[in-house]
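Per-entry structural report
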Amino acid sequence: MEKKVAILATNGFEESELKSPKEAMEKEGFKVDIISIEKGKIKGWADGGWSGEVEVDHAVKDVNAKDYNGLVLPGGVMNPDTLRRDEDVVSFVRDFFEQKKPVGAICHAGWTLIEADVVKGRTMTSYNSIKTDLKNAGANWVDKEVVVDQGFVTSRNPNDLPAFNGKIIEEIKEGKHDMQHA
C-alpha cells in the first residue's frame with residue numbers, strides 16, 4: 001500500500017529541509033503532499049536569502065491527518081513562527097500525535113510542536129537556539145543528529161538530513177506507534 005505523507009510548511013521554510021526529505025520519501029515510493037496555510041506557492045530560504053518556490057498541494061483547512069501516514073515539519077526561522085500562529089495548523093499537527101502517527105521535525109520546527117502542546121515528556125532535539133523553549137515546554141532535549149521517540153523523529157539542522165530522512169522513512173514504514181501521544 002502506498003504511503004502518503006504531508007510536509008507542512010509556509011514562506012521561509014529552510015529549502016533543504018523540505019526538498020531533501022521530499023526527494024528521499026518519493027524515492028521510497030511515498031506520495032508526498034505539500035500542505036500550507038493557503039494554496040498557491042511558498043518561497044524557501046537558503047544561504048541567508050530567499051530561494052525557490054514550491055507549489056502547495058492543499059491548504060491545511062482542506063486536509064485531515066487521517067488521510068496521511070506521517071507528517072514532516074521542515075524548519076527555517078520564519079516558517080514555524082508563522083505556522084504556530086495558525087489554529088488549523090496547530091490542530092492538524094496535534095491530530096498526528098493523537099492518531100499515533102509518525103512525525104518528523106527538524107531545526108526550528110519545534111516551535112510549532114510547542115504550540116500544539118505535544119513535546120512534554122518527549123525526548124527530542126532541535127536547532128540549538130530553541131532548546132530552552134523546548135525544555136520550558138517539558139521536552140527532554142538532547143544534542144544528537146537524530147532522535148527517535150516512539151515514532152517522533154527530530155534533528156538539529158540540514159547537516160543531519162541523511163540521518164533524519166532515513167529515520168522518518170523507517171518510522172512511516174512501521175506505521176502507527178502505540179506509545180506515540182500528544
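Residues numbered from 1 in each chain as written. Predicted model: local features only at pLDDT ≥ 70, side-chain atom pairs only at ≥ 80, totals over all residues. Heavy atoms only, no water.

Concerning the overall build of the chain
What counts here: The helix and strand labels rest on DSSP assignments: H or I over at least four residues marks a helix, E over at least two residues marks a strand, and numbering proceeds from the N terminus. C-alpha atoms define the radius of gyration in this analysis, and the globule rule sets the expected value at 2.2 Å times the number of residues to the power 0.38. Remark: exposure states derive from per-residue accessible area (1.4 Å probe, protein chains only) relative to the maximum for the residue type, with buried under 20%, exposed over 50%, and partly exposed in between. Here, two residues are considered to be in contact whenever any of their heavy atoms come within 4.5 Å of each other. The Shrake-Rupley method, run with a 1.4 Å probe, gives the accessible areas here. Residue values count only the displayed protein chains as cover. For the purpose of charge, His is not counted, nor are the chain termini; Lys and Arg are scored as positive and Asp and Glu as negative. For charged residues, the charge sits on one atom: NZ in Lys, CZ in Arg, CG in Asp, CD in Glu.
In terms of regular secondary structure, the chain is built from six helices and 12 strands. For the chain, whose C-alpha radius of gyration is 14 Å, the value lies close to the compact-globule estimate of 16 Å for 182 residues. Within the span of the chain, comprising 182 residues, buried residues form 53% of the whole. Restricting to contacts in the chain with at least 6 residues of sequence separation, those with at least 24 account for 66%. Summed over its atoms, the accessible surface of the chain is roughly 8100 Å², and 43% of this surface lies on carbon and sulfur atoms. Distance between charge centres in the chain, computed from 25 positive and 32 negative side chains, equals 2 Å.

Re the environment of Glu 26
Put simply, the rule is: The definition of a polar contact used here is a pair of N or O atoms within 3.5 Å, where within protein one atom must be able to donate a hydrogen and the other to accept one, and adjacent residues in sequence count solely through side-chain atom pairs.
One can find Glu 26 in helix α1 (residues 15-27). Sequence separation of Glu 26 and Lys 144 is 118 residues, and the distance between their C-alpha atoms is 26 Å. Within polar-contact distance, the side chain of Glu 26 engages the side chain of Lys 22 at 2.7 Å.

What to know about the packing of α1 against helix α6 (residues 161-174)
Where we set the bar: Axis geometry follows a simple rule: fit a line to the C-alpha atoms, using only the stretch in contact for helices, then measure angles between N-to-C directions, giving values from 0 to 180 degrees. When describing relative orientation, an angle under 35 degrees is termed roughly parallel and one over 145 degrees roughly antiparallel, while 65 to 115 degrees is termed roughly perpendicular and anything else oblique. Should the near helix be turned anticlockwise from the far one by less than a right angle, the crossing is left-handed, and should it be turned clockwise, the crossing is right-handed. Under the convention adopted here, Pro, Cys and the residues Ala, Val, Leu, Ile, Met, Phe, Trp and Tyr are nonpolar, Asp, Glu, Lys and Arg are charged, and Gly plus all remaining residues are polar.
Orientation of α1 relative to α6, taken along the N-to-C sense of each, is 45°, at an axis distance of 10 Å. Relative to α6, the element α1 lies oblique. Handedness of the α1/α6 crossing: right-handed. Contact residues: α1 offers Ser 16, Glu 17, Ser 20, Pro 21, Ala 24 and Met 25, while α6 offers Leu 161, Phe 164, Asn 165, Ile 169 and Ile 172. For the contact of α1 with α6, the residue count by class is seven nonpolar, three polar and one charged.

Some thoughts on the sheet that holds strand β4 (residues 40-46)
Keep this limit in mind: At least two DSSP bridges between two strands are required for those strands to pair.
Strands sit in the order β2-β4-β5 across an open sheet of three strands; the sheet is mixed. Edge positions in the open sheet fall to β2 (13-14) and β5 (49-56), since each of these has one partner strand only. By the bridge criterion, six bridges tie β4 to β5 in an arrangement that is antiparallel. Each residue of the ladder has a partner; that of Lys 41, found in β5, is Glu 55.

Comments concerning the sheet that holds strand β3 (residues 31-36)
If you walk across this open sheet you meet the seven strands as β6-β3-β1-β7-β8-β12-β11, and the pairing is mixed. The sheet is open, and its two borders are formed by β6 (58-59) and β11 (147-149), each paired with just one other strand. As paired strands, β3 and β6 are joined by two bridges and run parallel to one another. Within β6, the residue paired with Ser 36 across the bridge is Ala 59. In the packing of α1 onto the sheet, the strands contacted are β1 (4-8), β3, β7 (70-73) and β8 (103-106), and the crossing angle to β3 comes to about 155°.

Looking at helix α3 (residues 87-98)
One turn of an α-helix holds 3.6 residues; hence residues three or four places apart share an orientation. The test is simple: Expected span of a helix: the number of residues minus one, times 1.5 Å. Comment: arc refers to directions from the helix axis out to C-beta atoms.
Between the first and last C-alpha of α3 there are 16 Å, a value that for 12 residues agrees with the 16 Å anticipated at 1.5 Å per step. Buried residues of α3: Val 89, Val 90, Phe 92, Val 93, Phe 96 and Phe 97, and no others. The arc that holds the buried residues of α3, viewed along the axis, is 165°, so those residues lie on one side. Where α3 starts, the residue carrying a side-chain oxygen 3.0 Å from the main-chain nitrogen of Asp 88 turns out to be Asp 86. Just downstream of α3, Lys 100 is the residue with a positive phi angle, here 60°.

A short note on the nonpolar core
What counts is decided by this rule: To define a nonpolar core, start from buried Ala, Val, Leu, Ile, Met, Phe, Trp, Tyr and Cys residues and group those joined through side-chain atoms within 4.5 Å.
One finds Leu 8, Leu 71, Leu 73, Phe 92, Val 93 and Leu 113 to be the most contacted residues of the largest nonpolar core, which totals 30 residues. Those elements giving two or more residues to this core turn out to be β1, β7, α3, β8 and α4 (110-115). By residue number, the principal contributor to this core is α3, which donates six residues. In contact with Val 93, other than residues within four places in its own chain, are Leu 8, Leu 71, Leu 73, Thr 112, Leu 113 and Ala 116.

Function cannot be inferred from these measures alone, as they are strictly geometric.
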